[in-house]
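Geometric and topological summary
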Amino acid sequence: GGIVPHAGWYYSGAIACNIIAALQGESHIDTIVIFGMHLHPSSSAYIMAEGTWETPFGDIEIHSDLADMLLKNFSFMVETPENYTPDNTIELQLPFIKYLFKDVRILPMGVPPRRSSLEIGKAVCMAATKMGEKIKVIGSTDLTHYGQNYGYTPKGGGAGALKWVKEENDRRFIDAVCSMDPERAIQEGITHRNACCSGAAATAISAAKALGAEKGKMIAYSTSYDKSPAESFVGYAGILFQEK
């Protein structure tokens, strides 16, 4: 599995695409489970349990049987094409997935930053194993949103603020993810505002561990400042979960 950013293809698409491409292997992948959405600790969990999502490369089918198994054991807000929360965290990954995995199905979920989400991550892997499915997991999050645009300026402005975000604040979250510590990742996002979807990242960690991953490796890092220098900027990281 892996962690991908979702700022938009211009800013972070190359990182997301390369992480998703790295999930390809010699064997066929049946399903990619995507954890995302901008949620708070008190938010509900969300799932789209049936239907298809459109991409420029064709439709991607939702794995409804896998969704049904989760719905029997967890409480979700069930979204439909007519009733859904507009959110870019999952949508931006779909063209990459469809292009790289032609016949794969997806299971899209929004998971809040709390411990109960980690159980969802484990459960989806157990359910897939029972069904004989080979899956990969993705957690979608951007990192520190810094500057006046985001109401977050603990280090003021200028080069010092950018350095702090890149070398300290974002690094704290990246270290938690690479250490495969989902609870620490959640706490980092809440306490230090260094992940906008720490629940998605943490749940992906939990799921990847259930699939046998033992470490995370950062493949790429950048900020929006690299593309468009400004006083307000966002960090992005691409991380792969691997066996040792």
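For the structure given in this document, a descriptive report is provided here. (Residues numbered from 1 in each chain as written. Predicted model: local features only at pLDDT ≥ 70, side-chain atom pairs only at ≥ 80, totals over all residues. Heavy atoms only, no water.)

Regarding helix α5 (residues 115-130)
Spanning 16 residues, α5 covers 24 Å between terminal C-alpha atoms, matching the ideal 22 Å at 1.5 Å per step. Here α5 has its buried residues at Ser117, Leu118, Ile120, Gly121, Ala123, Val124, Cys125, Ala127 and Ala128. Against β2 (31-36), α2 (64-71), β7 (105-110), β8 (135-140), α7 (182-192) and α8 (198-210) lie the buried residues of α5. (Helix = DSSP H or I, 4+ residues; strand = E, 2+ residues; numbered from the N terminus. Expected span 1.5 Å × (residues − 1). Buried < 20%, exposed > 50% of the residue type's maximum accessible area, 1.4 Å probe, protein only. Contact = heavy atoms within 4.5 Å.)

Focus: the pairing of β8
Of all six residues in β8, five are buried; the element is thus mostly enclosed. In the sheet, strand β1 (residues 2-4) pairs with β8 via three bridges, with the strands oriented parallel. Its bridge partner lying in β8, Ile3 is registered against Gly139. With five bridges connecting them, β2 and β8 associate as parallel partners. Across the sheet, the residue bridging to Val33 is Val137, located in β8. (Pairing = 2+ DSSP bridges.)

Some thoughts on unusual backbone geometry
The phi dihedral of Met37 is positive, around 80°, even though this residue is not glycine. Positionally, Met37 belongs in the loop between β2 and β3 (46-48). Positive phi values are uncommon outside glycine, yet Met180 reaches one of about 60°. Tracing the backbone shows Met180 in the loop between α6 (159-178) and α7.

Quick notes on the environment of Val177
Along the polypeptide, Val177 turns up in helix α6. C-alpha of Val177 to C-alpha of Ala161: the two residues are 16 residues apart in sequence and 23 Å apart in space. Excluding anything up to four places from it in sequence, Val177 contacts Ile3, Ala185, Ile205, Ile239 and Phe241.

Observations regarding the pattern of salt bridges
Summed over the entire model, instances satisfying the criterion amount to six salt bridges. Where Lys122 meets Glu119, a salt bridge forms, and the shortest distance between an N and an O atom there is 3.4 Å. Linking Lys122 with Glu119, this pair stays in helix α5, spanning three residues, or about one helical turn. When its relative accessible area of 37% is taken as the criterion, Lys122 is described as partly exposed. According to the relative accessible area criterion, Glu119 is partly exposed, its value standing at 39%. Close ionic contact of Arg171 with Asp175 constitutes a salt bridge, the shortest N to O distance being 3.5 Å. Pair noted here: Arg171 and Asp175 are both in helix α6, with a separation of four residues, about one helical turn. Given a relative accessible area of 33%, Arg171 falls into the partly exposed group. (Salt bridge = Lys/Arg side-chain N within 4 Å of Asp/Glu carboxyl O.)

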